[in-house]
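# Residue-level structure breakdown
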Amino acid sequence: MEIPSMDTVYQAISALYDNPNANEKEKASIWLGDIQKSIHSWKIADELLQQKKDVHSCYFAAQTMRSKVQHNLSELPADALVSLRNSLVAHLEGISPDTSSPILTQLCLALADLALQMPSWQNCISDLLKSFSNKNNFALLELLTVIPQEIDSTSLKLGENRREDIKNELRSNSQVVTMFLKESINSSQNTLVALKIIKCMTSWIQVKAINIQEVPQNAVIGFCLQVLRDHNSINTLHDAACDCICALLHCLEENNNNDDIERLLFDSVAALEESYHMAVAHEEEEKASNYARVFTELAESFLDKIIICALNGGTHFAMHSLELTLVCVGHHDYEIAEITFNLWYRLSEEVYQRDYQPLTDMFKPHIERLIKALARHCQWEPDISQLPEEGDEFYEFRVKVMELIKDVVFIVGSSSVFRQMFTALHADTSWEQTEAALFVMQAVAKNILPDEYEYVPKVVEAILSMSPTAHLAVRKTCLVLLGELSEWIERHPECVPPAVHHLTLALQQPHLAHAAALALQNICKACRMQTASHVPVLLQLAQRANALPLPTAVALMRALASALGRLPEEQLAVAMREAVSVQLVALRELMEADKPPKKGTDSDPVLWLDRLAALFRDVEFPTTTASTGHPCVPAISDAWPVLHDVMTKFQADVRVMERACRALRFALRCCGRHLAALLPPLARSMAALYQAQAHSCLLYLASILVDELAAVPHCGPDLVAMLQALMPRAFLLLQRENGLKDNPDTVDDLFRLCIRFLQRVPLEFLSSGAVAGVLQCAALAARLDHREANSSVMKFLYDLTRAANNARPDRERIRELATAVLKEYGESITYALIESSVLYLHSYMLAEVAEVLLELVSWQKAHGVDWVRSAVQKLPQDRAAVATEQQCWQFHQYAVRAEKCKEMTRLLRDFARLYR
């Protein structure tokens, strides 16, 4: 692209912001985007900032400058960085308090990102203080705020060495900056300036640049506490002060602190309780929310010390922070209660891990109060006309409450909570209070012991005899609760017939049908033997399932399948064919009608495919290795031709293909080796379909085939032939530009398929000639930062290297073949693993890479090669992201000596931090 004239640039900016024509706006946006990507944008942005023609052109220039510094600094030679720095400083010195805030922020971010990526700029904080002090404190405050914030930016290629250098520079200048902020807050009555001062202090605290021992003398922290004490403070200042104190408390948790400092901070924050009550009294919910955040952070900061003190038989002074948090849980707004949830999760985890009864007993009162308050928060509004569905904020809050109760209930005991909620039920209790108590019972029902005879029988009896005039929400929750009590009902078989009858009646009521179907599914699964006698009724319901929404119909089919599995063999075969035939007839009619499928209607094949999958999914017929057949084979034999026709007709529709493959997957899992006769036509069809449309679900289905049929005699050749037919099309898809990134499902399913071959028929797989292509693909896919796809790649590489290291005599030939492959591709795989760990993968993904590298290093030592050293030497070097020679040497030395996965994982994580 040639450099455009400034007039052209101004015209494009004007079109972007001022032209009412949408097409012209889009053209201008695309053209300006291309300009930003070009090398000329450095000069254009600088000129726009110098000319200061209007706000829009200045913002475009500032945003361009920030983007270029952040992503494209390597375009400039090293000797041009000083000129760029001086230019940015000059632009910022010309900023006035009237300048648009976004322009100031973008320019400050540009200069901050430059400073972080410019190791040659020593003492940048000191230089900026000298350049801007007494000239432009407004710009200086913004700069001092954003520099710490950008240190851990994922957009910047900063290594740990450079980050640590900057943090040390911040620490060495912290006293000067603190003094500057103190003078600024004393000399200005401007709320906006005060806000910027607080935000600046917060960013310095967050990167641990402020010495915790100096907190008592810190004027900004004192000002923040003053703001929080005054419930009449401006909301923006109150929010910022809350952020600052929370950052300080978080920092307190991670340091070895002076006891006096801890006590001072605790007392200062605990003293805000009165301010919280004043905020509640004046209906200042935003401020009440801030106090809840501060109290929760206070409790989390001292949680470890509270636990340790309790283990030693004492009570830590910070125990009061739990009381403060519970006060906030008692607020009428459920969103304020939700702020505290992470604290209770952490507390329950600590108590569970310690497994010490006196410790558990200490926190029982707190959890009892918590659950009681949560039950109150879960009450619906008494005047609601219809129940909110999934996605509604309050619905989602109730889901979170249920998860939290399940997590903490062990501290007080499920039976205790069940009893507590039961005693809250009275004849004069409002419907919403009744429903909330039943909802909490539902959260703990699965943990109720089967021999509980005091309360559960009364609850079950009340549910089964509930009046049809009871409120809809109460009836719906009762149905779900009945399903959650399925394990208790299993031990009390006399409850099964009335429960099934009650649920089948509820299925006929639209607003209750889904809850009833799910409860029926739970009960049939838990009580398979007892519900087998109800199959005729369930079959009749299933035949009318087309009137039900798909999720409800699927739950009903799964209930039917669970009950079918305990029928005698001949009855099961007949009943299964009858249930399956209903879906097959509908699918045949749909294909004969030749209508385009419309999602969610009878013309959508997915409706029938999902019901078919549900039928095969939950049948558990107890076959043995001596069994010559499976009673579900006839039904699957009926289904296969229809499924094949559906997949052929709708091969371009990914939804239909995925659901058809899913139905086949459950069919294969249902009958396993008894479907060996189906392998040849199924394998041929899958290869043909995949050649036409490369749906990854076909690869996944192929892996199920290998898993189920590899051990069956004479199936090996057909399976290998299927693999060889599938792989060329898969490789072709992944070799396209961005093929790996755009098709993570294919990567996941392809390597899952190869894993199955390595596990089930390793000799045939390693002899097939397919491994070379798979390994070349693995070396490229190792850098894919998609969790499931990368996990499958690593599992395949691990199994392969494990096979090469296996010294068992019966696997000698397998070891020889795996060793031959590693000799050819091991070096490239080693580099791919280390490069991916350092440059591309998230830290949580490195444990699986470490497992592979550990096995690979073990193989290398046995064969006298060292590919780790050369891999480290090949890693790219960057201005601000580089490991020293000593650090590279240390990583190499420790990596080749590592013996445990945790050790190798830590090495990879520490080494990766040096590069990003």
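To be clear, the structure that these remarks concern was listed above.
For clarity, every value in this text was computed on a predicted model and none was experimentally measured.

### A look at the overall build of the chain
On a plain count of helices and strands, the chain comes out with 48 helices and 0 strands. Principal-axis analysis of the C-alpha atoms gives the chain an extent of 95 × 75 × 65 Å. Counting all 916 residues of the chain, 54% fall into the buried class. Within the chain, contacts between residues separated by at least 24 positions form 74% of all contacts whose residues are at least 6 apart in sequence. With 86 positive and 113 negative side-chain charges, the chain shows a spacing of 5 Å between the two charge centroids.

### What to know about a negative patch on the surface
There is a patch of like negative charges on the surface, built from Glu283, Glu285, Glu335, Asp392 and Glu393. Residue placement: Glu393 occurs in helix α21 (residues 393-412). Given the relative accessible area of 56%, Glu393 is considered exposed.

### A short note on empty space enclosed by the protein
In this structure the tally under the stated criterion is 1 cavity of 30 Å³ or more. Quantified by volume, the largest cavity comes out at close to 30 Å³. Every residue lining the largest cavity is listed: Leu539, Ala542, Gln543, Met557, Ala579, Val582 and Gln583. In terms of residue class, the lining of the largest cavity is made up of 5 nonpolar, 2 polar and no charged.

### With respect to the pattern of salt bridges
As enumerated under the stated definition, the model contains 37 salt bridges in all. The partner of Arg66 in a salt bridge is Asp113, with the nearest N and O atoms 3.6 Å apart. Placement of the pair is Arg66 in helix α4 (residues 55-71) and Asp113 in helix α6 (residues 101-116), with a sequence separation of 47 residues. Like Arg66, the residue Asp113 is buried in the burial classification.

### Concerning unusual backbone geometry
Although it is not a glycine, Lys52 adopts a positive phi angle of roughly 45°. With respect to the secondary-structure elements, Lys52 resides in the loop between α3 (41-51) and α4. The phi dihedral of Asn738 is positive, around 60°, even though this residue is not glycine. Topologically, Asn738 is positioned in the loop between α38 (716-734) and α39 (739-742).

### Brief notes about the packing of aromatic side chains
Per the stated rule, a full pass over the model turns up 18 aromatic pairs. Each ring, one from Tyr352 and one from Phe410, has its centre 5.6 Å from the other, and the planes form 80°; the classification is edge-to-face. Of this pair, Tyr352 sits in helix α19 (residues 341-354) while Phe410 sits in helix α21; the two residues are 58 residues apart in sequence, bridging distant segments of the chain. By relative accessible area, Tyr352 is classed as exposed at 56%. By relative accessible area, which is 34% here, Phe410 ends up partly exposed. Through pairs of rings, three or more aromatic residues link up here, namely Tyr334, Phe341, Trp380, Phe394 and Phe397. One residue, Arg611, lies across the ring of Trp608, its end atom 4.6 Å from the ring centre.

### With respect to the packing of helix α13 (residues 235-253) against helix α14 (residues 259-270)
Contact pair α13 / α14: the axes reach a minimum separation of 12 Å and the direction vectors enclose 145°. In this structure, the crossing between α13 and α14 has a hand that is left-handed. Along the contact surface, α13 presents Ile245, Leu248, Leu249 and Leu252, while α14 presents Glu262, Leu265 and Val269.

### Let's talk about the state of the cysteines
The final tally for this structure, using the stated rule, is 0 disulfides. Looking at the unpaired Cys632, the closest cysteine sulfur is the one in Cys670, lying at 3.9 Å.

### Examining helix α11 (residues 191-206)
Helix length check: α11, at 16 residues, gives a terminal C-alpha distance of 23 Å against a target of 22 Å (1.5 Å per residue), a fit within 8%. Within α11, 12 of the 16 residues are buried, which leaves it mostly tucked inside the rest of the structure. Those residues of α11 lying buried are Val193, Ala194, Leu195, Lys196, Ile197, Ile198, Cys200, Met201, Thr202, Ser203, Trp204 and Ile205. Against the buried residues of α11 lie α7 (124-132), α8 (137-150), α9 (160-172), α10 (174-187), α12 (219-229) and α13.

### A few points about α8
Every α-helix winds through 3.6 residues per turn, so residues three or four apart in the chain are directed the same way. In a regular helix each residue adds 1.5 Å, so 14 residues correspond to 20 Å; α8 covers 20 Å between its end C-alpha atoms and thus fits that length. Within α8, 12 of the 14 residues are buried, leaving the element largely enclosed by the surrounding structure. Among all positions of α8, only Phe138, Ala139, Leu140, Leu141, Glu142, Leu143, Leu144, Thr145, Val146, Ile147, Pro148 and Glu150 are buried.

### Some words on the side chain of Thr202
The topology assignment puts Thr202 in helix α11. Leave out the neighbours within four places in its chain, and Thr202 touches Ala240, Asp243, Cys244 and Ala247.

### Describing the packing of helix α32 (residues 569-593) against helix α33 (residues 605-617)
Packed helices, taken two at a time, are described by the angle between their axes plus the distance between the axes. Their axes nearest at 9 Å, the elements α32 and α33 cross at an angle of 165°. Relative to α33, α32 is oriented roughly antiparallel. The interaxial crossing formed by α32 with α33 has left-handed handedness. For the pair formed by α32 and α33, the contact residues are Met576, Ala579, Val580, Gln583, Leu584, Ala586, Leu587 and Leu590 on the first element and Pro605, Trp608, Leu609, Arg611, Leu612, Leu615 and Phe616 on the second. Partitioned by chemical class, the residues of the contact of α32 with α33 number 13 nonpolar, 1 polar and 1 charged.

### Some details on the environment of Thr905
Positionally, Thr905 belongs in helix α48 (residues 901-913). A relative accessible area of 6% places Thr905 in the buried class. Sequence-wise, Thr905 and Ser416 are 489 residues apart; in three dimensions their C-alpha atoms are separated by 43 Å. Aside from chain neighbours lying at most four places away, what touches Thr905 is Leu846, Ala847 and Ala850.

### Notes on the environment of Arg815
Considering the arrangement of structural elements, one finds Arg815 in helix α44 (residues 812-839). On the accessibility criterion, Arg815 (27% relative accessible area) is partly exposed. For the pair Arg815 and Leu763, spaced 52 residues apart in sequence, the C-alpha to C-alpha distance is 9.3 Å. Apart from residues no more than four positions distant in its own chain, Arg815 is found in contact with Ala803, Ala804, Asn805, Asn806 and Ala807.

### A short note on the environment of Gln691
Residue position: Gln691 is located in helix α36 (residues 679-692). Here the alpha-carbon distance between Gln691 and Asp18, two residues 673 residues apart in the chain, equals 51 Å. Those residues within four positions of Gln691 in sequence are excluded, and the remaining contacts are Ala725 and Arg729.

Thresholds applied
- Residues numbered from 1 in each chain as written.
- Predicted model: local features only at pLDDT ≥ 70, side-chain atom pairs only at ≥ 80, totals over all residues.
- Heavy atoms only, no water.
- Helix = DSSP H or I, 4+ residues; strand = E, 2+ residues; numbered from the N terminus.
- Buried < 20%, exposed > 50% of the residue type's maximum accessible area, 1.4 Å probe, protein only.
- Contact = heavy atoms within 4.5 Å.
- Lys, Arg positive; Asp, Glu negative; His and termini not counted.
- Charge placed at Lys NZ, Arg CZ, Asp CG, Glu CD.
- Patch = residues over 30% accessible without salt bridge, like charges linked within 9 Å, V, L, I, M, F, W, Y side chains within 5 Å.
- Areas by Shrake-Rupley, 256 points an atom, 1.4 Å probe, with all protein chains shown as cover.
- Salt bridge = Lys/Arg side-chain N within 4 Å of Asp/Glu carboxyl O.
- 1 Å grid on protein atoms, 1.4 Å probe; cavity = no way out; pocket = protein on both sides within 12 Å on 5 of 7 lines; lining within 4 Å.
- Points joined across faces, edges and corners; volume = space filled by probe spheres on them.
- Nonpolar A, V, L, I, M, F, W, Y, C, P; charged D, E, K, R; others polar.
- Phe/Tyr/Trp six-rings, centres within 6.5 Å; stacked < 30°, edge-to-face > 60°.
- Lys NZ or Arg CZ within 6 Å of the ring centre and 35° of its normal.
- Axes fitted to C-alpha atoms, helices over the stretch in contact; angles between N-to-C directions.
- Left-handed = near helix turned anticlockwise from the far one by under 90°.
- Disulfide = S-S within 2.5 Å.
- Expected span 1.5 Å × (residues − 1).
- Parallel < 35°, antiparallel > 145°, perpendicular 65-115°, else oblique.

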